[in-house]
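Summary of the model geometry
Each chain, written out:
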Amino acid sequence: MTGSTVDGPVGGRSRLGALVGHAVLTFLSLACIFPIGWMYATSLRRPSDIYDTSLLPWPLSLGNYRHATDVIPIGTLLLNTAAVAALTALGQLLTGLLAAYAFTAWRFHGQRLLYLLFVGTWLVPFQVTMVPNYTLLLRLGLLNTLAGVVIPTLCTALGVLLLRQHMESFPKELLEAARIDGRSSWSTLWTVVVPNLRPALAALGIVLFINAWNEYFWPSLVLQQANSMIQLGLRGFLGGTEGNDWGGIMAASGLSCLPIFALYLILQRHIVNAFVHSGLR
């Protein structure tokens, strides 16, 4: 009887805590999903119903999507944006991987200080480096080019931080076995370390790709043509002679989100595995 008296309230509190936790998570999920749902609902309304406040658009209309594809070259903008985001993410992954491997596998004088200085660059506001990078691109003749958007962003401290934490938990015995086997550091990295870090690399790659895809300020500073990237193309629907074209911008924004959703659906298993098998919480 004593055991049942003790277990009852504890079990009740556990169930109550679980219910409260699920309620909070449900509310937060709906709060995050609502803007996306509203965007697609607005894009599917008829132009005459664009200011309707109903959650479900009816009757459905694809007029905004046809209008968006007529105003801006959606396909070209998405391809350019995908190319810039992919090159940026790959460059940041490569530099982060090499730096994290060096900080983890090797020991040298000043290693801790160098790592702290490297991580400190993450704390430097973008506005501090914006003017020097812009001036450098101007002298190199890379303004108004996609390469000018990519090159200054090929390295990020975020990639080094995350990959170093994964490599710190990597079994040192495997690295020692590779050295005894006569493998070079380069061969050890690509044949031993990288295959075991695929989930972490996939998760970080998605984060870096999304960050580059969503970046607006730097591309708008380097590029002047509105038909260069999707972020700049969306500006064509704002501030026109007849006001903001909300139907067109919602439709174009909805189309620009589809590649990100598809990427996550394809690689979501790697994202979950990366955070489950790492020390990140």
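Cut-off values and rules
- Residues numbered from 1 in each chain as written.
- Predicted model: local features only at pLDDT ≥ 70, side-chain atom pairs only at ≥ 80, totals over all residues.
- Heavy atoms only, no water.
- Helix = DSSP H or I, 4+ residues; strand = E, 2+ residues; numbered from the N terminus.
- Expected span 1.5 Å × (residues − 1).
- Buried < 20%, exposed > 50% of the residue type's maximum accessible area, 1.4 Å probe, protein only.
- Contact = heavy atoms within 4.5 Å.
- Phe/Tyr/Trp six-rings, centres within 6.5 Å; stacked < 30°, edge-to-face > 60°.
- Lys NZ or Arg CZ within 6 Å of the ring centre and 35° of its normal.
- Axes fitted to C-alpha atoms, helices over the stretch in contact; angles between N-to-C directions.
- Parallel < 35°, antiparallel > 145°, perpendicular 65-115°, else oblique.
- Salt bridge = Lys/Arg side-chain N within 4 Å of Asp/Glu carboxyl O.

Here we look at helix α9 (residues 185-196)
In this model, α9 (twelve residues) spans 16 Å end to end at C-alpha, consistent with the 16 Å of a helix rising 1.5 Å per residue. When we look at burial in α9, the residues that qualify are Thr188, Leu189, Val192, Val193 and Val194. Looking at the packing, one finds that the buried side of α9 touches α3 (74-105), α7 (157-168), α8 (172-180) and α10 (198-214).

Quick look at the packing of aromatic side chains
Scanning the model with the defined rule gives nine aromatic pairs in all. Centroid distance tryptophan 186 to tryptophan 190: 5.6 Å. Interplanar angle 65°. Geometry classified as edge-to-face. Of this pair, tryptophan 186 and tryptophan 190 both sit in helix α9, four residues apart, which is roughly one turn of the helix. You can call tryptophan 186 exposed: its relative accessible area is 55%. Among the aromatic residues, ring-to-ring pairing joins Phe103, Phe108, Tyr115 and Phe118 into one connected group. Here arginine 45 stacks its cationic end above the ring of tryptophan 38, 5.2 Å away from the centre of that ring.

Here we look at the packing of α9 against α10
Contact pair α9 / α10: the axes reach a minimum separation of 4 Å and the direction vectors enclose 70°. The orientation of α9 with respect to α10, classified from their angle, is roughly perpendicular. Of the residues in α10, those touching α9 at Val194, Pro195 and Asn196 are Arg198, Pro199 and Leu201.

Regarding the pattern of salt bridges
Applying the stated criterion to the full structure yields five salt bridges. Across the pair aspartate 49 and arginine 46 runs a salt bridge, and its minimum N-O distance is 2.8 Å. For glutamate 176, the salt bridge is made with arginine 179, and the minimal N-O distance between the two is 3.1 Å. Here glutamate 176 pairs with arginine 179, and both are found in helix α8, just three residues apart, close to one helical turn. For glutamate 176, a relative accessible area of 44% puts it in the partly exposed group. Look at arginine 179 and you get partly exposed, because its relative accessible area is 36%.

Structural notes on unusual backbone geometry
Of note, the amide linkage connecting tryptophan 58 to proline 59 takes the cis form, showing an omega dihedral of 0°. Here the phi dihedral of asparagine 144 falls at roughly 65°; this positive angle occurs in a residue that is not glycine. Following the sequence through the fold, asparagine 144 ends up in the loop between α5 (126-140) and α6 (146-150). Residue class for asparagine 144 comes out partly exposed when judged on its relative accessible area of 37%.

The values are spatial; any link to function lies outside them.
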